[in-house]
Every structure is written in structure tokens, then in C-alpha cells.
Amino acid sequence: MTQSQFFKTNEDGTLSCLLCPHECTLHNDQRGNCGVRINRNGDLYPDNYGKVSALHFDPIEKKPLYHFFPGSQILSVGTFGCNLRCRFCQNYEISQAKAESFHRVSQYLPDELIQMAKSRRDNIGISFTYNEPTVWYEYMYDIARLSKQNNFYTAMVTNGFINKAPLEKLLPYMDAFNVDLKAFTEDFYRKYTSSRLDPVLESIARIRKAGKHLEITNLIIPGLNDDKKIFEKMIRWILNQTGKDTVLHLSRYFPMYKMTIRSTPVDTLEKLYHIARKYLNYVFFGNVGIDGMGKNTLCPDCGNIIIIREGYHTSKPGLGAGGTCSRCQKKIIHFC
Ligand code: SF4
């Protein structure tokens, strides 16, 4: 069984897991907040290594990643468990599953996933998604390393709630990230996710500093994180820390899991979109189609239509050589 790489033994014989900022202290046979990492006789083990709950070739747009090899397919893998407790989780059946009672899994060794990735010619690599990959860190790390040896690209879809050391160890093997920035107040993170905002911001800044492809998703929930002033503060932070070309996905919320608040009104999304566009070049809608905005990629300099999206289908009428605008040659897409 694969042992965890990040923990310390305390004087009283307990273990502290150092993978994510919860830093759970665990007695023998006790699991952490994520429900999948367990202290077994003084060693820490991830109980979900190799246990795959979902495995599909997906359009890269579904992750969502809009400016990373647009129009391509990526083999997408997920296990179960999560280090957050979001009351509005859209994937709660696998994220909140308990290791001892969740049996909807198939076993795959990392190399078996690589062989599967090779089976489709238009596949660019492997993405770690569906449930939080941080809680299956060792499995993700092993697959990501093998992926790079096989010239595949890698992408992590994450809540960003991971400690510095494991993130830095992973960075050389990860090409792209979509980080879920759920709100811009500690209060929201504490009340609705049972976690904290600051470590997520640190992860986003670290990923950008490492030069990785970064997109951010923000799910807008009416009355909880749609305050215009706080939203604008968040957008300014994104601009200052990651730059105006960072892709932002504004996602529409629907009632799910423990959250019964009505779905996000379209006009709320439109108002926030206009605020975001004052600062950022590329802002898109998720879970909703709104005519004339937030769907296609336009050149921010000359307005040329670079990428047209219809559902998960893309065409690239304005994408020139090397990811540039075919009209004014501005660099738009760094990976294509
Ligand atoms: S990964 Fe799991 S066990 Fe480790 S600190 Fe986070 S929640 Fe706790």
C-alpha cells in the first residue's frame, strides 16, 4: 500500500497530516477531515489510491479550461473524498463519500491509465478532476510523473486548499490548473466550506509564479458571494496577483446537496461579468448561456473572434500561428 509523503509523528504518538492546511491530528485508525487518509500503526495512508470513481475522455472545455489546447480531448480521472465540506457541492456523491462504505470504484494502476491515454489519438493527456485531487495526492503524483515521461500534458482541477510543500513538489509535473475560488471572504469559506480562504489565495499566487497555465472558477451563489464590492476586490486581487490574461469562469449556481437557495439570477451574472471585464481580458459564463457575452474568446486588442464555443464544441476562426490573433497578431493562447 502506498504511504503518504507528507506527515509528522508527534510526541504523544499521534500523526499530523501535512498535506493540506487542516493539518489533522490523527490517533491510530483515525481518518482525517477528508475521510480518506488514515493513521495505520504510525504511518499515514491514502485509502483511495488507485480507486477510480469516474474515468472519461472529456472535452478540455468541460474542466473548464478554455485557453489550454482549446477543442482537444483529455482523459479525466477522479477517485473519492474531499478536504472541504461545501454545502453546495455539485459532486457530493463522490466528494463526501466515506472510504469504508464507498464501493463504486474500479482499480487502475498509473501505467494502465497511461495506456488508456494512448488509446485515443486526439487525447492531449490526463486531468485530475471530479473530486479534489489533493486528497489522492500520491496517485495523482505518480500518474503525473508518468504522464510527463510519455509526453502527455497534465491538468489539475482543484479547490487550491493544499500546503506549500506538496504543491511545490507537484508543480514540475503539472501543466495547467483550474482553481475554484469560491468567494473572497474568510467568513464564507468558514461557514460554507469548513476551510479557509488564505491558503487558496497562496496556492493561486504560487501556481502563477511557477508559470503554469491558470484558470479560475467562481461559482456565484445569490446572497452569499455576489456582493459587488467584495467581488470587485476579488477581481482586483486576481489582476494584481495573476495578470489580466487569467481566464475567469463565472459559474451559475443551482440548488444542490445541503444548499436550497434559489439559482443565480442571470442579471446578477451579467452585472458581475461587466465588473470583471473592467479588469480582466477573458471572462466566461459556466452553467448558463447568455446571448452575446461570456462564451467566445475575442481578441482584447482588435475584437477579432478567436474561438467560437457551442456547448463543448469549439471552432477557431481567428486563431493564427502560435496562438496569436490572426488579425493583429496579439498572443492569445499560450498552449495550442
Ligand atoms: S489531506 Fe485529509 S487528513 Fe490530511 S490534513 Fe487535509 S483533511 Fe486532514
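Quick caveat: nothing in here was measured; it's all calculated off a predicted structure. (Residues numbered from 1 in each chain as written. Predicted model: local features only at pLDDT ≥ 70, side-chain atom pairs only at ≥ 80, totals over all residues. Heavy atoms only, no water.)

A. View of helix α5 (residues 186-193). Considered for burial, the residues of α5 that qualify are Phe188, Tyr189, Tyr192 and Thr193. Taken down its axis, α5 places every buried residue within 100° of arc, on the same side. The inward-facing, buried residues of α5 abut β12 (176-180) and α6 (198-209). (Buried < 20%, exposed > 50% of the residue type's maximum accessible area, 1.4 Å probe, protein only. Helix = DSSP H or I, 4+ residues; strand = E, 2+ residues; numbered from the N terminus. Arc of directions from axis to C-beta. Contact = heavy atoms within 4.5 Å.)

B. Broad picture of empty space enclosed by the protein. Inspection of the entire model under this criterion finds one cavity of 30 Å³ or more. By volume, the largest cavity is sized at about 110 Å³. Counting only domains with at least three residues in the lining of the largest cavity, you end up with domain 1 (7-46) and domain 2 (51-295). (1 Å grid on protein atoms, 1.4 Å probe; cavity = no way out; pocket = protein on both sides within 12 Å on 5 of 7 lines; lining within 4 Å. Points joined across faces, edges and corners; volume = space filled by probe spheres on them. Domains from an automatic or database assignment.)

C. Structural context of α6. Taking 1.5 Å per residue as the helical rise, α6 with its 12 residues ought to reach 16 Å, and the 17 Å between its terminal C-alpha atoms agrees with that figure. Among all positions of α6, only Pro199, Val200, Leu201, Ser203, Ile204, Arg206 and Ile207 are buried. Turning to α6, the residues buried within the fold contact α4 (164-170), β12, α5, β13 (213-220) and α7 (228-242). Once α6 finishes, Gly211 follows within two positions and takes phi at roughly 80°, a positive value. (Expected span 1.5 Å × (residues − 1).)

D. Spotlight on the site of the ligand. Surrounding the ligand, one finds Cys17, Leu19, Cys20, His22, Glu23, Cys24, Gly32, Asn33, Cys34, Arg37 and Asn83. One can see that the ligand is located within the largest cavity. Grouping the constituent residues of the shell around the ligand by class yields five nonpolar, four polar and two charged. (Near = heavy atom within 4 Å. Sits in = over half its atoms within 2 Å of the grid points. Nonpolar A, V, L, I, M, F, W, Y, C, P; charged D, E, K, R; others polar.)

E. Layout of the pattern of salt bridges. Within this structure, the stated rule accounts for 15 salt bridges. With a closest N to O distance of 2.8 Å, Asp122 and Arg120 form a salt bridge. Judged by its relative accessible area of 39%, Asp122 falls in the partly exposed class. A relative accessible area of 32% means that Arg120 is categorised as partly exposed. A salt bridge links Asp175 to Lys148; the shortest N-O distance between them is 2.6 Å. Here Asp175 is found in the loop between α4 and β12, whereas its partner Lys148 is found in helix α3 (residues 137-149), with 27 residues between them in sequence. (Salt bridge = Lys/Arg side-chain N within 4 Å of Asp/Glu carboxyl O.)

F. Focus on the environment of Val52. Note on placement: Val52 falls in strand β6 (residues 51-52). For Val52, a relative accessible area of 3% translates into the label buried.

G. Seen up close, the domain arrangement of the protein. What the domain assignment lists for the protein is domain 1 (7-46) and domain 2 (51-295). A straight line from the C-alpha centre of domain 1 to that of domain 2 covers 26 Å. Each partner contributes to the interface: domain 1 provides 13 residues, whereas domain 2 provides 20 residues. Of the roughly 1300 Å² buried between domain 1 and domain 2 on both sides combined, carbon and sulfur atoms contribute 54%. Put simply, domain 1 and domain 2 have one salt bridge between them. One salt bridge connects Arg37 with Glu138, and the closest N-O pair in it is separated by 2.5 Å. One can count nine residue pairs in polar contact (both at pLDDT 80 or more) joining domain 1 with domain 2. (Buried area = accessible area lost by both parts, 1.4 Å probe. Polar contact = N/O pair within 3.5 Å; in protein donor to acceptor, adjacent residues only side chain to side chain.)

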